[in-house]
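So the chains spell out like this:
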Amino acid sequence: MANERLTVAVLGPGGIGGLLAALLARAGHRVICVAGDATARVLAEDGIRVRSGQFGDFTARVEADTELREPVDACLIAVKATALDAALERVPAKALGEAALVVPFLNGVEHPATLRERYRPEQVAPAVIRVESTRLSPGLIDHGSPFAEIDLTGDTVPRERLDALAGALESAGARVRVQDGEAATLWAKMSFLAPLALLTTRYGVPLGDVRTVHREELLTLIEEIATVSRASGAPVDPAAALARYDTFPAAMKSSMQRDAEAGRPLELDAIGGALLRAADRHGVPVPVARRLVDELEPISGAGV
């Protein structure tokens, strides 16, 4: 795929999806963004504008529609977990075709099972992305981090298909690794994401304050998640998770925190809820995680 012109659908061209759509389009791939009416009109007329210290400032031309109407090589799913069910109606399995990879860039650990109920299991290739990228308005993306790193995985996907898609994404500018062990990859992200999301949102502070002012809770929460991951058969190293916090800018905010500030529904169930459900299944006590989820539930916009 890296040396071929792909047709890639992007469901949810926001901060993550918009950046990847623009990079792939700039690299010469055909990109179809799937979004609501207003956003689709803007993208079809004006393309996607990216502001980035790493990739430069540029505009990429893309196609846009409110529904996927033809087979593609890959469909990147970059909507919020709170909007997943409704958004998937825009990507019918019949239109997607049997050869396409379905690549969710979603938070949490439960969404691959949901997608495999709708699409063929061998199509679903979960991905984890490390990046700070924000949609300022439809078609305007601010890429604030000096990196865009992707881990691509999928226990049910043939390895050669993962390697081929990874090559295409790398040629577009992202740093990509193909990882063995889907659960381990997703729990590794959870070990970083859940403390960041829960603590920044609960206290309304950026990452720098989380790793200093709220360090005791951070340490405890990382240990709780590590225990749950071990019980789930996908152990993560709490020391490695903690070390990663020092590599991110102190001013970084979590996407959940940004959603709370904007009054949008929170991905509390996909992150905190999934963690609590896994802990309950395995009988693992997680008092700090449970307290934070309980305290955030009133502003989440949905029950956990």
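Computed from a prediction, not measured in an experiment: that's the story for all the values here.

Calculation notes
Residues numbered from 1 in each chain as written. Predicted model: local features only at pLDDT ≥ 70, side-chain atom pairs only at ≥ 80, totals over all residues. Heavy atoms only, no water. Pairing = 2+ DSSP bridges. Helix = DSSP H or I, 4+ residues; strand = E, 2+ residues; numbered from the N terminus. Axes fitted to C-alpha atoms, helices over the stretch in contact; angles between N-to-C directions. Contact = heavy atoms within 4.5 Å. Core = buried A, V, L, I, M, F, W, Y, C linked by side-chain atoms within 4.5 Å. Buried < 20%, exposed > 50% of the residue type's maximum accessible area, 1.4 Å probe, protein only. Polar contact = N/O pair within 3.5 Å; in protein donor to acceptor, adjacent residues only side chain to side chain. Parallel < 35°, antiparallel > 145°, perpendicular 65-115°, else oblique. Left-handed = near helix turned anticlockwise from the far one by under 90°. Nonpolar A, V, L, I, M, F, W, Y, C, P; charged D, E, K, R; others polar. Disulfide = S-S within 2.5 Å. Salt bridge = Lys/Arg side-chain N within 4 Å of Asp/Glu carboxyl O.

Trainee: I'd like a rundown of the sheet that holds strand E2 (residues 30-34), residues and numbers included.
Mentor: The sheet built from 5 strands is open, its strands ordered E5-E2-E1-E6-E7 with parallel pairing. Strand pairing shows two members of the sheet lacking a second neighbour, strand E5 (63-65) and strand E7 (101-104), which therefore form its edges. Neighbour-to-neighbour, the strand axes of this sheet turn through a mean angle of 20°, independent of strand direction. Direction of pairing for E2 relative to E5: parallel, over a ladder of 3 bridges. If you follow Val 34 over to E5, its bridge partner there is Asp 65. This element, helix H1 (residues 15-26), spans strand E1 (7-11), E2 and strand E6 (74-77) of the sheet and lies at about 160° to E2.

Trainee: Residues and numbers for the nonpolar core, please.
Mentor: The biggest cluster of nonpolar side chains holds 44 residues, and the ones touching the most others in it are Ile 48, Val 103, Phe 105 and Ile 150. The leading source of residues in this core is H1, at 8 residues. Dropping the residues within four chain positions of it, Phe 105 is found in contact with Ile 16, Leu 20, Leu 76, Ile 77, Ala 78, Ala 127, Ile 129 and Ile 150. Of all hydrophobic cores here, the second largest spans 42 residues; its members include Leu 242, Tyr 245, Ala 274 and Val 293.

Trainee: Help me get a handle on the sheet that holds strand E9 (residues 133-137), residues and values and all.
Mentor: With mixed pairing, the 4 strands of this open sheet are ordered in space as E4-E3-E10-E9. In this open sheet, the two strands that pair with only one neighbour each are strand E4 (58-60) and E9. Pairs of neighbouring strands in the sheet enclose a mean axial angle of 25°, with direction left out of account. Sheet analysis places strand E3 (residues 48-52) next to strand E10 (residues 140-143), joined by 4 bridges and oriented parallel. Looking at E10, one finds that Arg 49 is bridged to Leu 140. Sheet strands touched by H1: E3, E4, E9 and E10. Its angle to E4, the strand with the most contacts, is close to 85°.

Trainee: So what's going on with the side chain of Asp 151? Residues and values would help.
Mentor: Locating Asp 151 in the fold gives a position in strand E11 (residues 149-152). A distance of 3.1 Å separates the side chain of Asp 151 from the side chain of Arg 130, its partner in a polar contact. Apart from the residues lying within four places of it in its own chain, the contact partners of Asp 151 are Pro 126, Ala 127, Val 128, Arg 130, Arg 177, Gln 179 and Thr 185.

Trainee: Provide a residue-level description of the packing of helix H7 (residues 182-203) against helix H10 (residues 238-245), including the pertinent values.
Mentor: Remark: H7 packs on H10, axes separated minimally by 10 Å, with the N-to-C direction vectors making an angle of 50°. Overall, the two elements H7 and H10 adopt an arrangement that is oblique. When the axes of H7 and H10 are compared, the crossing they make is right-handed. Of the residues in H10, those touching H7 at Ala 188, Ser 191, Phe 192, Pro 195 and Leu 196 are Ala 241, Arg 244 and Tyr 245. Grouping the constituent residues of the contact of H7 with H10 by class yields 6 nonpolar, 1 polar and 1 charged.

Trainee: Any details on the state of the cysteines? Residues and values, ideally.
Mentor: The final tally for this structure, using the stated rule, is 0 disulfides. There is no disulfide at Cys 33, and the cysteine sulfur nearest it, in Cys 75, is 11 Å away. The class of Cys 75 is buried, set by a relative accessible area of 1%.

Trainee: Could you give an account of the pattern of salt bridges, with specific residues and numbers?
Mentor: If you walk through the whole model with that rule in mind, you get 23 salt bridges. Measuring nitrogen to oxygen at the nearest pair gives 2.9 Å for the salt bridge that ties Asp 269 to Arg 277. For Asp 269, a relative accessible area of 29% translates into the label partly exposed. Looking at Arg 277, the relative accessible area reads 29%, which means it is partly exposed.

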